[in-house]
Amino acid sequence: MTKKLQHLFALSEKGAKDLIKAVLWCFVCNLSLMLPVGAVLFTAQHLLDSMENGNDPVDGFWIYAGFGAAVLILLFILHWFQYASLYLATYKESANRRVSLAETLRRLPLSFFGNRDLSDLTSTMIADCSSLDQMFSHYVPQLFASIFSTLVIGIVMFFCDWRMALSVLWVVPVAVLLTAGSKKIQDSFGTKNILNKRAVADCIQEGLETIRDIKACGRQETYMEKLDEKLAAMEKGSIRSELATGVFVCSAQAFLRLGLATTVLTGGALLAAGELSFLYFLGFLFAAARLYDPLGLVLQNIAATFNTKLQIERMRSILEQPIQEGTKEFTPDNYNIAFDHVSFAYREGDGVLEDVSFTARQGEVTALIGPSGGGKSTACKLAARFWDVTGGKVTLGGADVSGVEPETLLKYYSMVFQDVVLFRDTVMENIRLGRREAADEEVIAAAKAARCDEFIRKLPQGYQTVIGENGSTLSGGERQRISIARALLKDAPVILLDEATASLDVENESAVQEALSRLLQGKTVLVIAHRMRTVAGADHIVVLQDGHVVQQGTPEELMEQGGLYRRMVELQSETSQWKLEM
Ligand SMILES: Nc1ncnc2c1ncn2[C@@H]1O[C@H](COP(=O)(O)OP(=O)(O)OP(=O)(O)O)[C@@H](O)[C@H]1O
């Protein structure tokens, strides 16, 4: 049962148990709504008896008042517990759901993100989660509880008088069928509405991400027109679906009201024929009114529950993704990285690397070079198990990296890439990301070694200065040196480096070079090299072209061999000569 609920509503085990508890509370509360009916009937019976026996009916007033007050207090307590259990369960589950989504996303391979729209994921994390919170706090427990309590009350009614029971209950299946009829409409509009909402979210996200270019190209008006169009489509879709659903929901409500009329008519006829006591008649009338109240509310909300089917599916599609598993107990014998006949494709049938073999040895600099799109960055990603190879294997210290849990593996790697990501936090914390437990003094020492200290101290609050999202208040060279400081602090034995000094000015370039040379000492270095100066200083060069290793060896060996490497060296020296002549 718990497992089924878990799967059906994408809940945690605890969430499913809490849902069962909440349903039970709602059930008890729904039944308790019959208590006032009982109290009224009991009082009426007592009054009638008193009058029949010639007693003064006011005699027992305080007893009835006390009895009524006790019923009200009991109702209050029951409903308060129902309220508390619903909300506690919802909010705990809502937090759990977001944590497990975030945890799953963290552990998913990059291949998952390659095929997904980021705004789609954001809307699952925010909008879908909120709709599900709403569904669990309001609709689902009440829905189940109403089904159970209607059954129980219905059975009791049949025992008392089957004709009256029929007159009360015949409207229930009709109302349910009418509401279920709106499901088709919900389904047809639901998908369209979600797509419309997603289109608006995409448009907003795109607008924010490209705001600089929109302004630069003077496209504000075009952008606003596009956004207006999408907002109008979303509004139109939502209104249409609400109106169409409303027809079904309102007719279901109307049928429930009709139930009261048939109860009065049947009861009246049976009363007149002397086949029903007045008290029973009153009892059925009150019970019907009490029964229809929560039922009407549930039917009104059930339409909203249909809508969440798509959101649950989207959530499940994330939570049930296979994550990258592997051992957490991993201590490599050495830090050589070896590619052993590696093949890889981002998409099936679209190979990017084919039978790639080379070794990046500990204490050496291995440079990956070759034309754009040859697969250099891809090789680096495979070395760190950002993606899993499709053929062959990548090893670290002889162990296949696909058997090591990614987080454990990444403890041995530091990465310095072109697109340095800095978080909206202080400079100190941005560097400390390299090693969370590092003391301030160690962070500062790493910053000094990475030639960052000087410019950091010039910032308004020094190391405590909060840098903007993605480090936008720092220059390219400064951002890069911060990332080198992070790597120095981490002091991992393997360095993956996307050489990115080409775009820096001379002063920044020499500072970054100096910082890098400190970082790389004695490490296994796999560098994506763009300049022949770096290549000439490498111990081993791997030339990648169209996903194949076309040459490898020391710089001297490759120069002697001729081929692509020599052509690239010659081409670059011609280009720099041409630049100088300009
Ligand atoms: N995430 C991805 N999804 C699909 N294809 C990708 C992805 N990343 C890279 N590619 C493709 O894989 C091929 C190799 O790309 P890669 O970035 O590894 O080349 P590269 O040699 O590093 O190129 P450059 O020197 O221009 O950075 C290219 O055809 C590229 O379009």
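Residues numbered from 1 in each chain as written. Predicted model: local features only at pLDDT ≥ 70, side-chain atom pairs only at ≥ 80, totals over all residues. Heavy atoms only, no water.

By the naming in an unreviewed UniProt entry, the protein goes by ABC transporter ATP-binding protein/permease and is assigned to Ruminococcus turbiniformis.

Chemist: So, the domain arrangement of the protein: which residues are in play, and what are the values?
Modeler: Along its sequence, the protein is organised into domain 1 (2–319) and domain 2 (332–403 + 528–582). Distance from the C-alpha centre of domain 1 to the C-alpha centre of domain 2: 60 Å. (Domains from an automatic or database assignment.)

Chemist: Can you lay out the nonpolar core for me, pointing to particular residues and giving the numbers?
Modeler: Ranked by internal contacts, the top residues of the largest apolar core, which has 45 residues, are Ile369, Ile431, Ile456, Ile482, Ile484, Leu519 and Ile541. At six residues, the largest contribution of residues to this core is made by helix α17 (residues 476–490). In this structure Ile369 touches Lys376, Ala529, Met532, Val535, Ile541, Val542, Val543, Leu544, Tyr565 and Met568, once residues within four positions along its chain are discounted. By size, the runner-up hydrophobic cluster in this structure holds 30 residues, among which are Phe344, Ala384, Leu396 and Val542. (Core = buried A, V, L, I, M, F, W, Y, C linked by side-chain atoms within 4.5 Å. Buried < 20%, exposed > 50% of the residue type's maximum accessible area, 1.4 Å probe, protein only. Helix = DSSP H or I, 4+ residues; strand = E, 2+ residues; numbered from the N terminus. Contact = heavy atoms within 4.5 Å.)

Chemist: Any details on the site of the ligand? Residues and values, ideally.
Modeler: Around the ligand, a shell composed of Tyr346, Arg347, Val352, Pro371, Ser372, Gly373, Gly374, Gly375, Lys376, Ser377, Thr378 and Trp387 is seen. In the model, a nitrogen atom of the ligand is placed 3.4 Å from a nitrogen or oxygen of the Tyr346 side chain. At a separation of 2.6 Å, an oxygen atom of the ligand approaches a polar side-chain atom of Ser372. Coverage of the ligand by the protein amounts to 62% of the 640 Å² it exposes when considered alone. (Near = heavy atom within 4 Å. Polar contact = N/O pair within 3.5 Å; in protein donor to acceptor, adjacent residues only side chain to side chain. Areas by Shrake-Rupley, 256 points an atom, 1.4 Å probe, with all protein chains shown as cover.)

Chemist: Could you give an account of the sheet that holds strand β1 (residues 337–347), with specific residues and numbers?
Modeler: Within the open sheet, the four strands sit side by side as β2-β1-β4-β5. Their pairing is antiparallel. Here the strands that pair on one side only, and so sit at the sheet edges, are β2 (350–360) and β5 (399–400). In this structure, strand β4 (residues 391–396) lies alongside β5, joined through two bridges in antiparallel fashion. Residue pairing across strands places Leu396 opposite Ala399, the latter belonging to β5. Each of β1, β2 and β4 touches helix α12 (residues 376–383); the most contacted strand, β1, lies at about 110 degrees to it. (Pairing = 2+ DSSP bridges. Axes fitted to C-alpha atoms, helices over the stretch in contact; angles between N-to-C directions.)

Chemist: Tell me about the packing of helix α7 (residues 162–169) against helix α10 (residues 220–272), and please be specific about residues and values.
Modeler: Where α7 meets α10, the axes come as close as 7 Å, and the angle between the chain directions of the two elements is 160 degrees. With respect to α10, the axis of α7 lies roughly antiparallel. As for how α7 packs across α10, the hand of that crossing is right-handed. In this structure, α7 contributes Arg163, Met164, Ser167 and Val168 to the contact, and α10 contributes Gly259, Thr262, Thr263, Thr266, Gly267 and Leu270. For the contact of α7 with α10, the per-class residue count stands at three nonpolar, six polar and one charged. (Parallel < 35°, antiparallel > 145°, perpendicular 65-115°, else oblique. Left-handed = near helix turned anticlockwise from the far one by under 90°. Nonpolar A, V, L, I, M, F, W, Y, C, P; charged D, E, K, R; others polar.)

Chemist: Help me get a handle on the UniProt feature "transmembrane region" (unreviewed entry) in the protein, residues and values and all.
Modeler: Those places that UniProt annotates as "transmembrane region" (unreviewed entry) correspond, in this numbering, to residues 20–41, 61–81, 139–159, 165–182 and 271–292. A helix fraction of 100% and a strand fraction of 0% characterise residues 61–81, whose end C-alpha atoms lie 30 Å from each other. Split by type, residues 165–182 is 94% helix and 0% strand. Its first and last C-alpha atoms lie 27 Å apart. (UniProt positions renumbered as here; feature names shortened; annotations may be inferred.)

Chemist: So what about a negative patch on the surface? Which residues, and what values?
Modeler: Taken together, the side chains of Glu221, Glu225, Asp228 and Glu229 present a region of like negative charge at the surface. Relative to the elements of secondary structure, Asp228 occurs in helix α10. For Asp228, a relative accessible area of 45% translates into the label partly exposed. (Patch = residues over 30% accessible without salt bridge, like charges linked within 9 Å, V, L, I, M, F, W, Y side chains within 5 Å. Salt bridge = Lys/Arg side-chain N within 4 Å of Asp/Glu carboxyl O. Lys, Arg positive; Asp, Glu negative; His and termini not counted. Charge placed at Lys NZ, Arg CZ, Asp CG, Glu CD.)

Chemist: Hey, could you go over the environment of Leu409 for me, with residue numbers and the actual values?
Modeler: With respect to the helices and strands, Leu409 occurs in helix α13 (residues 406–410). The buried category is assigned to Leu409, whose relative accessible area is 0%. Between the alpha carbons of Leu409 and Gly553 there is a distance of 27 Å; along the sequence they are 144 residues apart. With sequence-adjacent residues up to four places away left out, Leu409 is seen in contact with Phe330, Ala383, Ala384, Arg385, Leu396, Val401 and Val404.

Chemist: I'd like a rundown of the sheet that holds strand β12 (residues 548–553), residues and numbers included.
Modeler: Remark on secondary structure: sheet strands pair via backbone hydrogen bonds, oriented parallel or antiparallel. Read across the open sheet, the six strands follow the order β6-β9-β10-β3-β11-β12; overall the sheet is mixed. Each of the sheet's edge strands pairs with one partner strand only, and the pair in question is β6 (413–416) and β12. Neighbour-to-neighbour, the strand axes of the sheet open up by a mean angle of 15 degrees, direction not taken into account. Across four bridges, strand β3 (residues 365–369) lies against strand β10 (residues 524–528) in parallel orientation. Counterpart to Leu368 in the pairing with β10 is Ile528.

Chemist: Describe the pairing of β1, naming the residues involved and giving the relevant values.
Modeler: Pairing analysis gives seven bridges linking β1 to β2, with the strands arranged antiparallel. By the bridge assignment, Val342 is partnered in β2 with Val356. Connecting the antiparallel pair β1 and β2 is a turn made up of two residues, with Gly349 showing a positive phi of about 80 degrees. Relative to β4, β1 is paired through five bridges, and the arrangement is antiparallel. Residue pairing for β4: Asp340 is matched across the bridge by Lys393.

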